[in-house]
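Below, each chain spelled out in residue letters.
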Amino acid sequence: MLKKVDSSQLKVGMYIHDLSCDWMTHPFVRNRFLLTSEDEIRKIISAGIHDVVIDNDKGLDVQDAPTLAEAQAATEREIVEIAAKSPIVTRVSLGEEMKRAVQIRHQASTLVRTVMQDARLGKAVELDQVSPVVENITESILRNPGALVGLLRIKNKDDYTFLHSVSVCTLLVAFCRSRNFEAERTHQAGLGGLLHDTGKALVPDKILNKPGPLTDEEFAIIKRHPKDGYDILLKSPEVGPIPLDITLHHHERRDGSGYPDKLGGDGISELAQMAAIVDVYDAITADRCYHKGMSAAAALRKIYEWSKFHFNPQYAQEFMRCVGIYPVGTMVMLESGRLGVVVEPHETNLLAPKVNVFFNTKQNLYIKPEMVDLSRGLGFGGGDKIVGHESPSKWNVDPMRFLSLS
């Protein structure tokens, strides 16, 4: 049986089923293993991992610990309560904005690739090339945030580094907009998001694209990228303090377990804390050559759990409201037994988005795609409700095929 336990309860002889952290922050080659020494327990705690999932069928038990299912159910109840506040109001349909989003995605990823190449050659970042791209991303977010955010969920191993930067920019701009930041501050945050991983230009490709877990030495090299990126951006006098701060501190954590400066609490700026949430969310939802990304809905629930220690809980909850409890592109199971993809959040009810249904699980067959507005009653295009989010791999379908509807 799988149970959720506090790291302080760990003992030699327990079997770790899940370290319950994003894969880039833990010091182990694998996620599942038998604890064989006190040193392994110390490494878990020193890495800032506060709770883990154990399998008591394969190792020692903690009698009074909740089962994983019980812990997840408790998280779900709390998340439903968070869903009470409005997300961003969209101006145009997803299908209409998707056409523009495709062009913006290509333009932005090409720019980030150029910035990285220039950084390797020792050249300064040319801000006059970066600013217009951030403006295009911001305008797309204002028209319909789901289009570009949903489109950026699609990444492959060859362009991950570049598209991750575009995703962080896009999500951070949307986050700032949802928190009603002024336009210039939002723009500066977007610049920080687009440039935050510039330091990875100095990480050898064999480490950056390694098809397997990193060694301690390789991880130490990766951990240099925030300071390297900061130093690269300093070569451009026109880069302001906000992009510099985001670049240097997006891996800091409120419990002091982050890097490079091990800042804690409010010693980390508001925008760097927001960028940290966005960065982790995008990273854990992406497929890598050795790490399968989780669904956006599952990732939000992880962010919520980790916010007890690593992130500001208020910011984590506001980010969830920003992207939706069931973000655009999430595959969901409806009460009727139909599968669908979320294509647009409702303006006031995050639990009742518009969903494009395409599969009947009771009959195990594809059906003609149909738009269902879950805020409406039976006979008015609705009459159904979400009972949970689903893993696309479980059903062997690509939900993005059913995302672009006018």
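Looking at an unreviewed UniProt entry, the protein chain carries the name DUF3391 domain-containing protein, with the source organism given as Duganella qianjiadongensis.

So, about the pattern of salt bridges. Inspection of every chain in the model, using the stated rule, returns 23 salt bridges. As a salt-bridge pair, Arg-143 and Glu-97 come within 2.6 Å of each other at their nearest N and O atoms. Linking Arg-143 in helix α4 (residues 127-143) with Glu-97 in helix α3 (residues 94-120), this pair joins segments that are 46 residues apart in sequence. Judged by relative accessible area, Arg-143 falls into the buried class, the value being 19%.

A few words now on the sheet that holds strand β2 (residues 15-18). Pairing within the open sheet is antiparallel, and its four strands lie in the order β1-β4-β2-β3. The open sheet has two edge strands with one neighbour each: β1 (2-6) and β3 (33-34).

Structurally, Arg-179 can be placed in the loop between α6 (160-178) and α7 (183-195). Within the local environment of Arg-179, its side chain forms a polar contact with the side chain of Glu-318, the two groups lying 2.5 Å apart. With residues up to four places along the chain from it excluded, the contact list for Arg-179 reads Glu-270, Met-274, Gln-314, Tyr-315 and Glu-318.

With that out of the way, let us pick up the packing of aromatic side chains. Aromatic ring pairs are defined here through the distance separating the ring centres and the angle between the ring planes. Across all of its chains, the model carries six aromatic pairs by this definition. Ring geometry for Tyr-281 versus Phe-319: centroids 5.2 Å apart, planes at 75°, classification edge-to-face. Remark: Phe-319 occurs in helix α14 (residues 313-323) and Tyr-281 occurs in helix α12 (residues 270-285); sequence separation between them is 38 residues. An identical accessibility class is assigned to Tyr-281 and Phe-319; each is buried. Centre to centre, the rings of Phe-358 and Tyr-366 are 6.2 Å apart; their planes meet at 25°, and the pair counts as stacked. In this structure Tyr-366 comes out as partly exposed when scored by relative accessible area, which is 43%. The positively charged end of Lys-223 is found above the aromatic ring belonging to Phe-219, 5.3 Å away from the centroid.

What follows is about the pairing of strand β4 (residues 51-55). Extensive coverage of β4 is indicated by the burial of five of its five residues. Here β1 pairs with β4 via five bridges, running antiparallel. The partner of Asp-6 across the bridge, within β4, is Asp-51. Here β2 pairs with β4 via two bridges, running antiparallel. Directly across from Ile-16, in β4, lies its bridge partner Ile-54.

What counts and what doesn't
- Residues numbered from 1 in each chain as written.
- Predicted model: local features only at pLDDT ≥ 70, side-chain atom pairs only at ≥ 80, totals over all residues.
- Heavy atoms only, no water.
- Salt bridge = Lys/Arg side-chain N within 4 Å of Asp/Glu carboxyl O.
- Helix = DSSP H or I, 4+ residues; strand = E, 2+ residues; numbered from the N terminus.
- Buried < 20%, exposed > 50% of the residue type's maximum accessible area, 1.4 Å probe, protein only.
- Pairing = 2+ DSSP bridges.
- Polar contact = N/O pair within 3.5 Å; in protein donor to acceptor, adjacent residues only side chain to side chain.
- Contact = heavy atoms within 4.5 Å.
- Phe/Tyr/Trp six-rings, centres within 6.5 Å; stacked < 30°, edge-to-face > 60°.
- Lys NZ or Arg CZ within 6 Å of the ring centre and 35° of its normal.

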